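Reading the structure
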Amino acid sequence: MPTAVALIPARQGSKRVPGKNVRMVNGHPMLAYTIAPALESGIFERVIVSTDSEDIAAIAQRYGAEVPFLRPAQFAGDTSPDIEWLEHLLRELKRQGRNWDCFSLLRPTSPFRSAEMIRRAWTLFTSQQGVD
């Protein structure tokens, strides 16, 4: 079975909905509703949050995710494409000797994703031939 890491983007600078990743929903920050099912799914060796904010990093860690370093500002702008922060994060983790066969990008703005949904997606992904 391939190894996998969950990557959760949570930058602080949203203009349309300020603070959306840490807005409280039923007593918990929105971000927690992505971290918890990722951990509960049992699929991922690690759940890592990529953020440019010390406050978001502290919240992510409180809910069980890792934040190995803060995202540089050049990869945290309104128009920064995902590929930039993903490449930076994966390159830095590899430099630390941390590698996985694949990753899953889980956005904190989808708070109704369940651990079972993640497990179903993983089963479908791993049953395919020739998928990377």
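A brief structural summary. (Residues numbered from 1 in each chain as written. Predicted model: local features only at pLDDT ≥ 70, side-chain atom pairs only at ≥ 80, totals over all residues. Heavy atoms only, no water.)

1. Some remarks on the sheet that holds strand β5 (residues 102-105)
How we decide: A pair of strands is considered paired only if DSSP assigns at least 2 bridges between the two. Strands here are runs of E lasting at least two residues and helices are runs of H or I lasting at least four, both read from the DSSP assignment and numbered beginning at the N terminus. Axis lines are fitted to C-alpha atoms, over the contacting stretch for helices. Their N-to-C directions set the angle, which ranges from 0 to 180 degrees.
The 3 strands lie next to each other as β4-β1-β5, forming an open sheet whose pairing is parallel. Among the strands making up the open sheet, the edge pair consists of β4 (46-50) and β5. Put simply, the sheet's adjacent strands are angled 30 degrees from each other on average, direction ignored. In the sheet, strand β1 (residues 4-9) pairs with β5 via 4 bridges, with the strands oriented parallel.

2. Comments concerning the pairing of β4
Each regular strand displays side chains that alternate between the two surfaces of the sheet. The condition is simple: Throughout this description, buried means an accessible area under 20% of the type-specific maximum (1.4 Å probe, protein chains only), exposed means over 50%, and partly exposed covers the range between.
In terms of residue burial, β4 counts as a mostly covered element, since 4 of its 5 residues are buried. Pairing of β1 with β4 involves 5 bridges; the strand directions are parallel. Bridge assignment links Val 5 to a residue of β4, and that residue is Arg 46.

3. Let's talk about the nonpolar core
Note the threshold: Definition used in this section: a nonpolar core is a set of buried Ala, Val, Leu, Ile, Met, Phe, Trp, Tyr and Cys residues joined via side-chain atoms within 4.5 Å. Here a residue-residue contact requires only that any non-hydrogen atoms of the pair lie within 4.5 Å.
Counting 21 residues, the largest nonpolar core has Leu 31, Phe 44 and Val 49 as its most contacted members. Mapped by element, the contributors of at least two residues to this core are β1, α1 (32-41), β4, α2 (54-62) and α4 (115-127). Top element by residues in this core is α2. It accounts for 4 residues. Not counting residues within four places of it along the chain, the set of residues in contact with Leu 31 comprises Ile 8, Ala 10, Asn 21, Val 49, Ile 56, Ile 59, Ala 60 and Pro 108.

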